[in-house]
Amino acid sequence: MKKKCVLFVLCMMFLVGCSEQNEEQKKPIIEENIETESNIIVEEETVENNDIQTENAAPTKKEVLAMRELVLDGMSDDEKERLTENIKVANLQMEYAYLNDNIFDKLSDKDSLYWNYFDQKGDIQIGWAYEGNKKTVMNEEGITESEFYQKYGEPVMEYNRFDGANFVELIQDMQKSVQNESLSADLQQLIDLTNLAIETHEVEYANEIYKILHDLDYFLLRYGIEDVGKYTKDGSVVAKYYGVLMVYEKDKNTSSNER
């Protein structure tokens, strides 16, 4: 039987439509075949990645709604919708990769072909397909994994429409419509972290991108516990709050000073 070592498609950065397309259509939708929460958020009770756990106290629904109104003030309805939809889709896709494809473990290898999604567009290699037992052949022939792939492997190719640079361009374009300094700073965090991920291939930056997207989506632009929780099996991932947003820093510092 042919065994394929096929790597999954990292969607977070590369489903996003370019800003020119969004301006032309005046729609916030990133891509036509967007997955919905009901089939994106699955098996969250199996999560065991301790690297992205946190104990921050989540803002209440009342606090989320109040903060949302504050930070989106001055934006048009179209601009708000575009920001909300793009952040939602980016979060859902990266969350799917986290819950079901062990993305952060795979990106921990700086030489992983998964990083091609950050670095390249067009036809890119994302893995190798091969027949037989790789380890057995390597041991029998005394060859390295790289040599095995070169000798027996077949490149697994994928068309990558948008790379990390495109994601940065989209965030920068949406950032122009944001009037609130703290929200703009959170979007700048996404820009800076993406550039660092591209430059260094350090998984920690990809991890931080996910946390920001998660909190922006579930605890600011939407209230995930209600908006998404009904689609999940136990709600633990949706209810998790990483506490990484600048928009809540002022309230956090005020509370600390009062103590």
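Residues numbered from 1 in each chain as written. Predicted model: local features only at pLDDT ≥ 70, side-chain atom pairs only at ≥ 80, totals over all residues. Heavy atoms only, no water.

### Quick word on the pattern of salt bridges
Rules: What makes a salt bridge here is a side-chain nitrogen of Lys or Arg within 4 Å of a carboxyl oxygen of Asp or Glu, nothing more. Burial classes: relative accessible area under 20% of the type maximum marks a residue as buried, over 50% as exposed, and values in between as partly exposed (1.4 Å probe, protein chains only).
In this structure the tally under the stated criterion is eight salt bridges. Among the ionic pairs, Asp-217 bridges to Arg-222, the shortest N-O distance being 2.7 Å. Grouping residues by exposure puts Asp-217 and Arg-222 together as buried.

### Some remarks on unusual backbone geometry
With the exception of glycine, the majority of residues adopt a negative phi angle, and the majority of peptide bonds are in the trans configuration. Keep this limit in mind: Secondary structure is summarised from DSSP: a helix means a run of H or I of at least four residues, a strand means a run of E of at least two, and numbering begins at the N terminus for each.
Even without glycine at this site, His-201 takes up a positive phi of about 60°. Within the element layout of this structure, His-201 appears in the loop between helix H10 (181-200) and helix H11 (203-218). Look at His-201 and you get buried, because its relative accessible area is 16%.

### Overview of the packing of aromatic side chains
Two numbers describe a pair of aromatic rings. These are the distance of the centres and the angle of the planes. Selection rule: Planes of paired rings set the category: under 30 degrees apart is stacked, over 60 is edge-to-face and the rest tilted, where pairs are Phe, Tyr or Trp rings (Trp by its six-membered ring) whose centres lie within 6.5 Å.
This model, assessed by the stated rule, comprises 13 aromatic pairs. Taking 6.0 Å as the distance between ring centres and 65° as the angle between the ring planes, the aromatic pair formed by Tyr-210 and Tyr-242 counts as edge-to-face. Placement of the pair is Tyr-210 in helix H11 and Tyr-242 in the loop between helix H13 (236-239) and helix H14 (249-258), with a sequence separation of 32 residues. Where Tyr-241 meets Tyr-248, the ring centres are 6.3 Å apart and the plane angle is 85°; that geometry is what we call edge-to-face. Summarising the burial analysis for this pair, Tyr-241 and Tyr-248 share the class buried. Three or more aromatic residues joined by ring pairs make a cluster, and in this case those are Trp-128, Tyr-130, Phe-148, Tyr-149 and Tyr-152.

### Some points on the environment of Gln-93
Within the secondary structure layout, Gln-93 lies in helix H4 (residues 77-101). Residue classification places Gln-93 among the buried residues on the basis of a relative accessible area of 11%. In sequence terms Gln-93 and Tyr-210 are 117 residues apart; their C-alpha atoms lie 9.8 Å from each other.

### Here's the deal with the environment of Gly-127
Take Gly-127: it is sitting in strand S2 (residues 122-131). In this structure, the C-alpha to C-alpha distance between Gly-127 and Glu-158, residues 31 residues apart in sequence, is 9.3 Å.

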